[in-house]
Amino acid sequence: MSKAIKQNLADSKKMSAELFCLTYGAMVTEMLKDYEDPKDVTIQLDKMGFNMGTRLADDFLAKNANVPRCVDTRQIADVLCRNAIPCYLGVSATASSWTSGDREFTITLESNPLTELVQVPTNLVSAGLSYSQLIAGAIRGALEAVHFKVYASATDSGANTEIRIRFDQVLKDSLPAGEDD
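Everything quoted here is computed from the prediction, not taken from an experiment.

Q: Run through the nonpolar core, naming residues and quoting values.
A: Grouped together as the largest cluster of nonpolar side chains are 37 residues, with contacts concentrated most on Leu80, Ile107, Leu109, Ile139, Ile163 and Ile165. Among the secondary structure elements, those contributing two or more residues to this core are helix H1 (3-35), helix H2 (38-63), helix H3 (73-89), strand S2 (104-109), helix H5 (133-145), strand S3 (148-157) and strand S4 (160-170). The element best represented in this core is H3, accounting for 7 residues. Leucine 109 has contacts with Ile85, Leu89, Val91, Ser92, Ala93, Ile135, Ala159, Asn160, Thr161 and Ile163, leaving out every residue within four places of it along the chain.

Q: With reference to specific residues and values, describe the side chain of asparagine 112.
A: Mapped onto the fold, asparagine 112 is located in the loop between S2 and helix H4 (122-126). With a relative accessible area of 2%, asparagine 112 lands in the buried category. Within the structure, asparagine 112 has its side chain in polar contact with the backbone nitrogen of leucine 114 (distance 2.9 Å). Here the side chain of asparagine 112 touches serine 132 through a polar contact of 2.7 Å, side chain to side chain. Apart from the residues within four sequence positions on either side, asparagine 112 is in contact with Ser132, Ile135, Asp156 and Thr161.

Q: Give a description of the pairing of S2 that names residues and reports values.
A: Of all 6 residues that make up S2, 5 are buried, and the element is covered over most of its length. Pairing of strand S1 (residues 93-96) with S2 involves 4 bridges; the strand directions are antiparallel. Within S2, the position partnered with threonine 94 by the bridge is threonine 108. By the bridge criterion, 6 bridges tie S2 to S4 in an arrangement that is antiparallel. Counted as the bridge partner of phenylalanine 105 is isoleucine 165 from S4.

The rules we used
- Residues numbered from 1 in each chain as written.
- Predicted model: local features only at pLDDT ≥ 70, side-chain atom pairs only at ≥ 80, totals over all residues.
- Heavy atoms only, no water.
- Core = buried A, V, L, I, M, F, W, Y, C linked by side-chain atoms within 4.5 Å.
- Buried < 20%, exposed > 50% of the residue type's maximum accessible area, 1.4 Å probe, protein only.
- Helix = DSSP H or I, 4+ residues; strand = E, 2+ residues; numbered from the N terminus.
- Contact = heavy atoms within 4.5 Å.
- Polar contact = N/O pair within 3.5 Å; in protein donor to acceptor, adjacent residues only side chain to side chain.
- Pairing = 2+ DSSP bridges.

So yeah, pure geometry; function would need other evidence.
Structure below.
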């Protein structure tokens, strides 16, 4: 591929990312007008992210057939930080702040593409708006699609975004009533 074509592809990806960020900001602004309570907007962002995550899980597994099946939270964090987050957000992430028993950890995004072009007013944050809750919801939805029930919440702190993930349980496959194994 020629250098000019590669440059055009990189420019178009950057433009697409910027368009997404601006569109997301406009959507959150409209949701704030519709719901009035920032906590309700956070709940809706989580639901939207959850729905996106359930679909992204299938896409991720189709593109990454070599990713092993995760059996514990450390493996889940590793796959999220090394594979999934860089693939879909284009940023690096690290897992830290593990609790005893490895049931809870924090993923830190070095830079958050959703907040690059936005400055969220502090009064909305203190009133309960979690601007990046869409990402936490997507992680929650993706993990539930692969049978891990977790709770996830996002906090934007300056340049970093922290997503706190707490493992709840492994979900069992269930067959519809009347069907046997």
